[in-house]
Amino acid sequence: MHWHSYPTAQEASEACATHIAMRLEDALSGEGDATLAVSGGETPRRMFEALARSQLDWSRVHIFWVDERAVPPTSPLSNYRMVEESLIRPARIPRRNVHRIAGELHPETAAQRYVQDIQEFFGLTEGEVPHFDVIHRGLGVDGHTASLFPGDPLTEDHERIAAAVYVEKLGQHRITLLPSVFLAARHTVFLVTGAEKAPAVRAVFHEPYNPKLYPGQTVSHHGRNVVWFLDDAAASLMD
Ligand code: 6PG
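Parameters at a glance
- Residues numbered from 1 in each chain as written.
- Predicted model: local features only at pLDDT ≥ 70, side-chain atom pairs only at ≥ 80, totals over all residues.
- Heavy atoms only, no water.
- Core = buried A, V, L, I, M, F, W, Y, C linked by side-chain atoms within 4.5 Å.
- Buried < 20%, exposed > 50% of the residue type's maximum accessible area, 1.4 Å probe, protein only.
- Helix = DSSP H or I, 4+ residues; strand = E, 2+ residues; numbered from the N terminus.
- Contact = heavy atoms within 4.5 Å.
- Near = heavy atom within 4 Å.
- Polar contact = N/O pair within 3.5 Å; in protein donor to acceptor, adjacent residues only side chain to side chain.
- Areas by Shrake-Rupley, 256 points an atom, 1.4 Å probe, with all protein chains shown as cover.
- Nonpolar A, V, L, I, M, F, W, Y, C, P; charged D, E, K, R; others polar.
- Axes fitted to C-alpha atoms, helices over the stretch in contact; angles between N-to-C directions.
- Parallel < 35°, antiparallel > 145°, perpendicular 65-115°, else oblique.

Engineer: Explain the nonpolar core here, please?
Structural biologist: Soluble, globular proteins show a tendency: their nonpolar side chains are buried together. Of all hydrophobic cores here, the largest spans 74 residues; its most connected members are I20, W58, I63, W65, L87, L177 and W228. The leading source of residues in this core is helix α1 (residues 9-28), at eight residues. Among residues more than four places away in sequence, those in contact with W58 are L51, A52, I63, L87, A91, I93, P94 and N97.

So, in structure tokens, the structure goes:
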């Protein structure tokens, strides 16, 4: 697991975008299309804006979501909406390449439908997991990643692709990809900025492996090609 830190959040975001673009470029050098699963929240907006400026063949890049809030795509809380504004529209990614989670549906239905979409796209049979070329994840101050929060049994679900979850402390239903998908990713990229995230970053790296307590450790410790992009504030407790 590698980490890099940069003086500002803007620089960390740009470096992260360059890294993702290079990994997608590698994936596109083969015959097939490339796949990218993205997270939401506020941190990645600048990174997506930088990624949208890269000269990738977006007609061959497919966008999926790591997680989504149970809200319509027009909601300011929608992860789809944030990515639409910062990446999909500016980069003119074709509609057919956009595989959003239907947050407007009942969460269980949205999760089932998302699993079916993924199975169809990747040509999976029951029990198989997708291998995304790149999965981008964030980290919450409490150590959550995707919508896997500390203590949630889903942090130990290594069977399914995605599930609905109720996040008690936010009073919010969400839909999230699950650990087996994170483990199967060809590349994982974390973007974490801000001093308030420093204790969570330190815990993921330095506390004993316990992803139920520190969901951010999911895959960070065992996955392939995991790279963290931090600003100096988020990395301040790493030494
Ligand atoms: C979401 C995200 C989530 C995010 C973390 C960090 O829907 O909220 O996908 O997992 O990555 O909450 O969010 P920030 O980077 O905005 O703090």
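Alright, that's what it looks like, and here's the rest.
Engineer: Any chance you could explain the site of the ligand here in plain terms?
Structural biologist: Taken together, the neighbourhood of the ligand is formed by 14 residues, with E42, T43, D67, H144 and A146 sitting nearest. For the ligand, an oxygen atom lies 2.6 Å from a polar atom in the backbone of E42. In this structure, an oxygen atom belonging to the ligand sits 2.5 Å away from a side-chain N or O atom of D67. Against a free-state accessible area of 410 Å², the protein chains account for coverage of 89% of the ligand. Looking at side-chain class alone, the shell around the ligand contains two nonpolar, seven polar and five charged residues.

Engineer: Help me understand the packing of helix α2 (residues 45-52) against helix α3 (residues 79-91), please; the structure alone is not making it clear to me.
Structural biologist: In helix packing, the relevant descriptors are the interaxial angle and the interaxial distance, both defined with respect to the helix axes. The N-to-C vectors of α2 and α3 enclose an angle of 10 degrees; their axes lie 8 Å apart at closest approach. Regarding the angle of α2 to α3, the classification is roughly parallel. For the pair α2 and α3, contact is made by R45, F48, E49, L51 and A52 and by M82, V83, E85, S86, L87, P90 and A91, respectively.

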